[in-house]
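Listed below, chain by chain, are the residues.
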Amino acid sequence: MANDGGRLLIVDDNKVNRLLLSRNVELLGHRASVAENGRIAMEMLATEPFDLLLLDIEMPEMDGFEVLEALKAEPALRDLPVIVTSSVEGLDNIVRCIELGAEDYLPKPVNKVLLKARVSSGLEKKRLRDEQKELLRRFATSEVAQDLEESGFAIGGQRVYASVLFCDIRGFTALSEDQSPEAVIEVLNVYYALSFEAISSNGGIVTLMIGDGLMAVFGAPQAVENPAQSAVSAAQNLMEMMSDFSRERVANGEAGIRLGAGIATGEVVAGYAGTDQRATYTCIGTTVNLAARLETHTKTADCEILIDEETRAGLSDDVSVRPMGQVSFKGFSAPVDISSINPADE
Amino acid sequence: MFRNDDGTRMTNNTIDQAVYGELEEATGADFVAELVATFLDEAPGMIADLHDAATQQDDDRLRRAAHSIKSNANVFGAAALAEIARRIELDGLDADSLKILDTEYARTSAALKAKLDG
């Protein structure tokens, strides 16, 4: 029990109650911290992680009802289980606590057996919610998970200004035919690990992974200051890391790996598409199509990163850009100005 | 209702032995001694607060002070003290409720001190 003990915060303005609850909680194998009123509790919750709150109602400065309301309004604390421990009179007060999101109500003086059961069940709920959040983050990136937590899930999109990055491994089909499936998966895992690192450290999210191709968005669901610069920096970071990996492979007598990336910037429609049962966060629009075309064109133009005019306009002066003239792409009525960027910006 | 002439009996009436014994069993006798000492430290302040609130006719503060006394009295099984505090919390003051509370606190604290001493 001591090993899976929880971190509990006891909020009570009465010293005897704080001592007694702490003792009871510690005897159950948990760690107890104490706060004298709601305001102090909220300050502690902002700086330390807790698994469960034991909350009194009658308190000076900020009472238990106000604490429950403040927790509800704070996305990071919304799921923290709260057990109200009070000798407050009247059924309506207990009902009000539950309506405000309290997990449970324990009358004071707190019965030891009931306390044990309620605390275990509260901690188990917290564990499940944490696990759920972790799963969501694994499959949906932390930005999308945060967006879901804050705004809830709704099919539908909104127009945002963003940069879209498409990237794939050059000659991946030939590469995968020459190697064992295990070796191919190994290469993909390294590639994905480096991509996620480069993209998320520059404020983007990966929205699509198909084989060796991936798509990332910068500017949705959370806005970034300069989507174009972020997307280009991510592509350059990724190329640098992949070329280190490629050099290692070549030194071991294996085939080198090259990437191609296309970046376009403009308005996209971003949101959840699919059904209520299965949906994905995605972006659509001509900006997305253009980024995909640019990525394909890197093979023809024999360069590694190609960007459109809108992306170029957003870049800082110290990024060296080489104009590549105009290209007509399938699905685009007018020719498009494109530029290439060195993978590493020296 | 309570007899003041017999020390032992006063203790028995003032503190519910079952509640007190259960508390000792659940949390340890040493801890309960510490808890009683804390209560005896804190209670005079709570009672002064109650009197002050009564003088100022601050109903909310009166209710909160009575609530705290009730809550702590219940911890030690001081049922009579808890009951008068509860009546003040719910119904406010009547003519002699403060006097009854003071008397009950005197009995309760004496009984608790007796427990600490022996």
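Our structure is the block above this text.
Since the structure is predicted, the reported quantities are computational estimates derived from the model, not experimental observations.

### Regarding the overall build of chain B
Looking only at helices and strands, chain B features 6 helices and 0 strands. Burial statistics for chain B: of 118 residues in total, 43% are counted as buried. Across chain B, every contact between residues at least 6 apart in sequence was considered, and the portion connecting residues at least 24 apart equals 61%. Accessible surface, chain B as shown: approximately 6000 Å² in total, 45% of it carbon and sulfur.

### Description of the overall build of chain A
Each helix and strand counted, chain A has 10 helices and 13 strands in total. The C-alpha atoms of chain A give 27 Å as radius of gyration, which overshoots the globular expectation for 346 residues (20 Å, by more than 25%). The C-alpha extent of chain A, read off along each of the three principal axes, is 80 × 45 × 40 Å. Approximately 17000 Å² of chain A is accessible, and the part contributed by carbon and sulfur atoms is 50%. Side chains of chain A carry 31 positive and 54 negative charges; the gap between the two charge centres is 5 Å.

### Some remarks on the interface of chain A and chain B
Chain A puts 18 residues into the contact, and the matching count from chain B is 24 residues. Together chain A and chain B conceal approximately 1800 Å² of surface at their shared face, both sides included; 58% is due to carbon and sulfur atoms. The largest contributions to the chain A side of the interface with chain B come from Val16(A), Glu58(A) and Glu89(A), which together make up 33% of the buried area. Taken together, the links from chain A to chain B amount to 1 salt bridge. The residue Glu58(A) makes a salt bridge to Arg63(B) at a minimum N-O spacing of 2.3 Å. Linking chain A with chain B are 4 residue pairs in polar contact (both at pLDDT 80 or more). Sorting elements by how many residues they give to the side of chain A that touches chain B places helix H1 (residues 15-27) of chain A first, with 8 residues.

### Description of the sheet that holds strand S4 (residues 82-86) of chain A
Residues and elements named next belong to chain A. Strand order in the open sheet made by the 5 strands is S2-S1-S3-S4-S5, with parallel pairing throughout. Whereas interior strands pair on both sides, the edge strands pair on one side only; in this sheet they are strand S2 (31-35) and strand S5 (104-107). Taken pair by pair, the neighbouring strands of this sheet meet at an average axis angle of 20°, ignoring direction. As paired elements, strand S3 (residues 52-55) and S4 share 3 bridges and run parallel to each other. Following the sheet pairing, Leu54 is matched in S4 by Ile83. Sheet contacts for H1: strand S1 (7-11), S2, S3 and S4; angle to S2, the most-contacted strand, approximately 165°.

### Brief notes about the pattern of salt bridges
Residue and element names in this part refer to chain A. Counted under the stated rule, the structure contains 25 salt bridges over all chains. Residues Asp12 and Lys108 are paired through a salt bridge, measuring 2.5 Å at the closest nitrogen-oxygen approach. With a gap of 96 residues between them, Asp12 in the loop between S1 and H1 and Lys108 in the loop between S5 and helix H5 (112-151) connect regions that are remote in the sequence. Summarising the burial analysis for this pair, Asp12 and Lys108 share the class buried. Ionic pairing is found between Arg118 and Asp104, a salt bridge with its closest N-O pair at 3.2 Å. Linking Arg118 in helix H5 with Asp104 in strand S5, this pair joins segments that are 14 residues apart in sequence. Judged by relative accessible area, which is 24%, Asp104 ranks as partly exposed. Bridged by salt links that share partners, the residues Arg7, Asp51, Lys126 and Asp130 form one connected network.

### Let's talk about the packing of aromatic side chains
All names here are of chain B. Scanning the model with the defined rule gives 3 aromatic pairs over all chains in all. Taking 5.3 Å as the distance between ring centres and 45° as the angle between the ring planes, the aromatic pair formed by Phe39 and Phe76 counts as tilted. With Phe39 in helix H3 (residues 29-56) and Phe76 in helix H4 (residues 59-76), this pair connects stretches of sequence that are 37 residues apart. Phe76 matches Phe39 in its accessibility class, with the two residues each being buried. A centroid spacing of 6.2 Å and a plane angle of 70° characterise the contact between Phe39 and Tyr105, whose relative ring orientation is edge-to-face. In this pair, Phe39 is assigned in helix H3 and Tyr105 in helix H6 (residues 97-117), connecting sequence segments 66 residues apart.

### Considerations on helix H3 (residues 64-73) of chain A
Residue and element names in this part refer to chain A. Regarding H3, the residues found buried are Gly64, Phe65, Val67, Leu68 and Leu71. Angularly, the buried residues of H3 cover 160° about the axis, an arc narrow enough to put them on a single face. Close packing links the buried residues of H3 with helix H2 (38-47), S3, S4 and helix H4 (91-99). The backbone nitrogen of Phe65 lies 3.1 Å from a side-chain oxygen of the residue at the head of H3, namely Asp63.

### Let's talk about the packing of H3(B) against H4(B)
All names here are of chain B. Their axes nearest at 8 Å, the elements H3 and H4 cross at an angle of 155°. Put simply, H3 runs roughly antiparallel to H4. The handedness of the crossing between H3 and H4 comes out as left-handed. Facing H3, whose interface residues are Leu35, Val36, Phe39, Met46, Ile47, Asp49, Leu50, Asp52, Ala53, Ala54 and Gln56, H4 presents Arg61, Leu62, Ala65, Ala66, Ser68, Ile69, Asn72, Val75 and Phe76.

The rules we used
Residues numbered from 1 in each chain as written. Chains lettered and ligands numbered in written order. Predicted model: local features only at pLDDT ≥ 70, side-chain atom pairs only at ≥ 80, totals over all residues. Heavy atoms only, no water. Helix = DSSP H or I, 4+ residues; strand = E, 2+ residues; numbered from the N terminus. Buried < 20%, exposed > 50% of the residue type's maximum accessible area, 1.4 Å probe, protein only. Contact = heavy atoms within 4.5 Å. Areas by Shrake-Rupley, 256 points an atom, 1.4 Å probe, with all protein chains shown as cover. Rg over C-alpha atoms; globule rule 2.2 N^0.38 Å. Lys, Arg positive; Asp, Glu negative; His and termini not counted. Charge placed at Lys NZ, Arg CZ, Asp CG, Glu CD. Buried area = accessible area lost by both parts, 1.4 Å probe. Salt bridge = Lys/Arg side-chain N within 4 Å of Asp/Glu carboxyl O. Polar contact = N/O pair within 3.5 Å; in protein donor to acceptor, adjacent residues only side chain to side chain. Pairing = 2+ DSSP bridges. Axes fitted to C-alpha atoms, helices over the stretch in contact; angles between N-to-C directions. Phe/Tyr/Trp six-rings, centres within 6.5 Å; stacked < 30°, edge-to-face > 60°. Arc of directions from axis to C-beta. Parallel < 35°, antiparallel > 145°, perpendicular 65-115°, else oblique. Left-handed = near helix turned anticlockwise from the far one by under 90°.

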